[in-house]
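# Residue-level structure breakdown
One letter stands for each residue in the lines below.
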Amino acid sequence: MMVSRQHLLTYIYLLVYIVLSSGVILYNKWVLSTKYFNFPYPITLTMIHMGFSGAVAFFLIRIFKVVSPIKMTFKIYATCVVPISAFFASSLWFGNTAYLYISVAFIQMLKALMPVATFLTAVVCGTDKLRCDVFLNMLLVSVGVVISSYGEIHFNVLGTAYQVMGMFGEALRLVLTQVLLQKKGLTLNPITSLYYIAPCSFVFLFVPWYFLEKPVMEVSQIQFNFWIFFSNALCALALNFSIFLVIGRTGAVTIRVAGVLKDWILIALSTALFPESIITSLNIIGYAIALCGVIVYNYLKVRDARTSQLSPESLPDGVIKELKMERKASDIYVPNGEANNGSGRIASLPGSDVDEEAALIPHSRVSHLGRSPLSSHTS
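- Under an unreviewed UniProt entry, the name given to the protein is Sugar phosphate transporter domain-containing protein, and the organism recorded is Carya illinoinensis.
- According to UniProt, the comment filed for the protein under the heading Subcellular location (unreviewed entry) is "Membrane".

The structure is reproduced here in structure tokens:
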């Protein structure tokens, strides 16, 4: 009975994650689209998310003292948090801007390129080595996305460019998290991540907002509904916490499978809710090819993880470093002390997809080579 209850709770967490992740993406599209709520200001929307999340984290840490802040020196903040926040802000900015030009369904198909972007970035930055099997999978994913793009009826170069730039911004953020924060032995739980990252990202977003969106907002007739933006920011915040609950209870493999299921559900829902979103047979064929590459890649990750448990000496140095990084990066604070290792923390692998969908937590999406999904959902 105890086992079945735990399994039921895990399924509930997965369902909540899928619902929130899909809901945040569709909600953002509805708010930003000129055909619906008509608030075409993605930087402003992202700043609202950052400001709200930073304020919540401040109250939880400083007022209610739910968790304690880590020992953060000015040097660590300037050399680690600031650059990570800069790329995080850029990934959310570009990702949300893509909603203005291309459909949700096509954005989800383009997100299959996330492991390609992360793998190339890691190789260029020297944190990973070029492996033939991984490279062939990345090539398969790229071919699938190209076919899917060719079949897109409302293909838009600018929107596609924004989405790809957002993915590379996220890839750089992931690599920097590995190189900077984890080498210094720092781990951030969901609340402390928001506490340090969100305000800094808000500042970085303020600069392009001041020059790009503020002048337009001053002369246009915009509508501001407090409850719309409050509920939108609350859903984005809830998504981040649900991601950590799922990761802590299941691990990266399960959440990657859930991310694939969520993508298919999201593609179907977006075509039903937004009539202008049309899926062609080439879209489906291309995305299926890309998905095959992603699945094989995830299999390679699982195989490497199992091999490392049996014989770490047989793995390349880059794979060993990656596995250690994944275990270390995902220490998650659990208030009720319910943990896999009995110490009040859950040592699990980072998630997969989340963020690209409003995920505000630095290491809450993919492992540094994983497929993306919170965040983010772009914020």
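### Observations regarding the pattern of salt bridges
- Tallying each qualifying case throughout the model produces three salt bridges.
- Measuring nitrogen to oxygen at the nearest pair gives 2.4 Å for the salt bridge that ties Arg 173 to Glu 170. Note that Arg 173 and Glu 170 are positioned in helix 7 (residues 157-181) at a spacing of three residues, about one turn of the helix. Residue Arg 173 shares its accessibility class with Glu 170, and that shared class is buried.
- Measuring nitrogen to oxygen at the nearest pair gives 3.6 Å for the salt bridge that ties Lys 262 to Asp 263.
- Here Lys 262 falls in the buried class, since its relative accessible area comes to 0%.
- By relative accessible area, Asp 263 is classed as buried at 0%.

### Here we look at the nonpolar core
- Ranked by internal contacts, the top residues of the largest apolar core, which has 73 residues, are Val 31, Phe 39, Val 104, Val 141, Val 145 and Leu 205.
- Setting aside chain neighbours within four positions, we find Val 141 in contact with Ala 112, Leu 113, Val 116, Ala 290, Gly 293 and Val 294.

### Here we look at a nonpolar patch on the surface
- There is a patch of nonpolar side chains on the surface, built from Phe 202, Val 203, Phe 206, Val 207, Tyr 210, Phe 211 and Leu 212 and spanning about 690 Å² of accessible area.
- With respect to the helices and strands, the residue Val 203 is situated in helix 8 (residues 190-219).

About the cut-offs
- Residues numbered from 1 in each chain as written.
- Predicted model: local features only at pLDDT ≥ 70, side-chain atom pairs only at ≥ 80, totals over all residues.
- Heavy atoms only, no water.
- UniProt positions renumbered as here; feature names shortened; annotations may be inferred.
- Salt bridge = Lys/Arg side-chain N within 4 Å of Asp/Glu carboxyl O.
- Helix = DSSP H or I, 4+ residues; strand = E, 2+ residues; numbered from the N terminus.
- Buried < 20%, exposed > 50% of the residue type's maximum accessible area, 1.4 Å probe, protein only.
- Core = buried A, V, L, I, M, F, W, Y, C linked by side-chain atoms within 4.5 Å.
- Contact = heavy atoms within 4.5 Å.
- Patch = residues over 30% accessible without salt bridge, like charges linked within 9 Å, V, L, I, M, F, W, Y side chains within 5 Å.
- Areas by Shrake-Rupley, 256 points an atom, 1.4 Å probe, with all protein chains shown as cover.

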